[in-house]
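Each chain is listed here by its residues.
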Amino acid sequence: MTRTPSSPRSRTRSGTCKALLCAALLAVTVQTTAAAPAFAGGPGSRDARDCVRTERPLDGQARKVLDITRKAKAEFHLNSVELKVTRDGNEILTDALGESMTGVPAQPDMHFRAGSVAFSYVGTALLQLVAEGRVRLDDTVERWLPGVPKANKITLRMLATNTTGLHDYVTDPAFLAELEAHPFRHWTPQQLLAYPYSHPFWYEPGTNWSYSHANYLLLIQALEKITGTRIDKFLKERVTGPLGLDNTRNNFTPDIPRPVLHAFTADRGLYEESTFWNPSWTTAPGAVITTHVCDLARSAEGIGSGELLSHRSYRTLLNPGTVGLGHATATCPATVCLEQTEAKHFGLGVIVVNGWVLQNPSFSGYAAIQAYLPSDRLAIAVNATKTKDTPDGNMAEVVAERIAAALAPRTPLAID
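As the structure is a computational prediction, the values presented were derived from the model and not from experiment. Residue indices begin from 1 for each chain and proceed along its sequence in written order. It should be noted that, the model being predicted, local features are given only for residues of pLDDT at least 70 and side-chain atom pairs only at 80 or more, the latter also being counted only at that level, while totals for whole chains, interfaces and linings use all residues. Side-chain metrics rest on all non-hydrogen atoms present in the structure, leaving aside hydrogens and water.

**Q** I would appreciate a short explanation of the overall build of the protein in the present structure.
**A** On a plain count of helices and strands, the protein comes out with 12 helices and 14 strands. Only protein chains enter the accessibility calculation, which uses a 1.4 Å probe. A residue is then buried if its area is under 20% of the maximum for its type, exposed if over 50%, and partly exposed in between. For the protein, the proportion of its 416 residues judged to be buried stands at 62%. Only DSSP runs of H or I covering at least 4 residues are called helices, and only runs of E covering at least 2 are called strands; the numbering of each starts at the N terminus.

If you want it as structure tokens, here you go:
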């Protein structure tokens, strides 16, 4: 789930809608059977306890980052903030402030839901297949997804860049009502896709831009057909394994690997724990991931630098043809078909803001961001959880923006 950076925040009668849109819409304007976890390295992999607080005493930069984080935590009444900041792969600061639960201090190695971060892995893996000649970005999907409406017009590129014209089920009032009433419900892709399929397309595929979670549901299904490999195994082989993300894992159930950072939200009117609300609606089975903040910082660096891609593929990751798209029409309002500019646009599974490459999941009480500035080789990873007094929106973004302003003042991370 990602949230739109520059559009007005959508307000609805549903608190859940606000949380979901926080996750679904940065992409919009910036322009979003139980099995063993397959993204993990397994029992013999690097231990989560490798993710620990920076040793004291701190140097000047680390003290500055910690001070910024402490002030933001107090200002926005956050329950916890976990962060890791690196430059050239070298740690500036790793820390965790606040509590996981009452009386349980937050720790950097605690796991949380990472939502749309998985989309950056899917985009990177797709570009690897393209570079190998396995597929072309402009292949239409009717060969792999014959039942999709307009499958003979929709391409892999359109799915990966949100240019199909499909509605987003996360903004559908009928879906939101069901999700709010039943946060523990398990959703199948077919049930989720029924919502966008019940609406006409916003526009002809490839002619405009609008964010839709349906696109990545379908892209993941296509990748599984193309490769003959389940998506969790495919992404481990192609992305999370090579990047050493041993604590970034898919989960087929709502479970989270221990230690767990607990989440709380007032989305349904009552401030309540939401840690184990079922995340099956967020994307396709096999790509519902959890992580910790150290993996998130490594992910920011690896994806944001194009470490796993050729130079040509990396250029496509950052601008696959979305810049210049996005405009209101008679059938697509300005709140949906949002302008994609050089400064702010959706890439191929990533978001580009003033040269920063990022993803920013926010849903069910969790809010996070991974952001990388290639020109400075600066990686910022933040995860935040709420109290009942925390404002709406992704507060992890706000913390990251303030850290970026201190460490890279000439290149603001100006998401909103």
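**Q** What is the right way to look at the pairing of strand E11 (residues 356-359) in this model?
**A** Looking along a regular strand, one sees the side chains alternate between the two faces of the sheet. The alternating pattern of E11 places Trp 356 and Leu 358 on one face and Val 357 and Gln 359 on the opposite face, and all of these are buried. Paired strands, as defined in this entry, are two strands with at least two bridges between them according to DSSP. Taking the residues between adjacent antiparallel strands as the criterion, strand E10 (residues 351-353) and E11 are bridged by 2 residues, where Asn 354 takes a positive phi near 55 degrees. One ladder, built from 3 bridges, connects E11 with strand E13 (residues 366-373); its direction is antiparallel. Bridge pairing links Leu 358 to Ala 371 in E13.

**Q** What exactly am I supposed to notice about helix H3 (residues 60-75) here?
**A** Count 3.6 residues to each turn of an α-helix, and residues three or four apart come out pointing the same way. What a helix is expected to span follows from its residue count: subtract one and scale by 1.5 Å. With 16 residues, H3 extends 23 Å from end C-alpha to end C-alpha; this agrees with the ideal 22 Å at 1.5 Å per step. Where H3 is concerned, the buried positions are Ala 62, Val 65, Leu 66, Ile 68, Thr 69 and Ala 72. An end-on view of H3 places all buried positions within 160 degrees of arc, on one side of the element. H3 presents Arg 70, Lys 71 and Ala 74 as exposed residues on the side facing more than 90 degrees away from its buried surface. Note on definitions: a residue-residue contact is assigned when non-hydrogen atoms from the two residues lie within 4.5 Å. Lining the buried residues of H3 we find strand E1 (78-87), strand E2 (90-101) and helix H12 (395-407). Any pair of nitrogen or oxygen atoms within 3.5 Å is treated as a polar contact; in protein, a donor-acceptor pairing is required on top of that, and neighbouring residues in sequence qualify only through side-chain atoms on both sides. Capping the start of H3, Asp 59 holds a side-chain oxygen 3.3 Å from the backbone nitrogen of Gln 61, two or three residues further along. Phi turns positive, to about 55 degrees, at His 77, one or two residues after H3. Here, the arc refers to the directions that run from the helix axis to the C-beta atoms.

**Q** I tried to follow the packing of aromatic side chains on my own but got confused; where do I start?
**A** Each aromatic ring pair is described using two quantities: the centre-to-centre distance and the angle formed by the ring planes. Here a pair means two rings of Phe, Tyr or Trp (six-membered ring of Trp) with centres within 6.5 Å. Their orientation is stacked below 30 degrees between planes, edge-to-face above 60, and tilted elsewhere. One pass over the full model with this rule turns up 10 aromatic pairs. Measuring from centroid to centroid gives 5.3 Å for Tyr 169 and Phe 175, while their planes differ by 75 degrees, and the two rings are edge-to-face. Each member of the pair, Tyr 169 as well as Phe 175, carries the same accessibility label: buried. Consider the rings of Phe 175 and Tyr 195, whose centres lie 5.5 Å apart with planes at 75 degrees: the pair is edge-to-face. Of this pair, Phe 175 sits in helix H6 (residues 173-181) while Tyr 195 sits in helix H7 (residues 189-197); the two residues are 20 residues apart in sequence, bridging distant segments of the chain. Neither residue differs from the other here; Phe 175 and Tyr 195 are each classed as buried. Here the aromatic residues Tyr 169, Phe 175, Trp 187, Tyr 195, Trp 281 and Phe 363 are joined through ring pairs into a cluster of three or more. The side chain of Arg 185 reaches across the aromatic face of Trp 187, ending 3.7 Å from its centre. For a Lys NZ or an Arg CZ to count as sitting over a ring, it must be within 6 Å of the ring centre and within 35 degrees of the ring normal.

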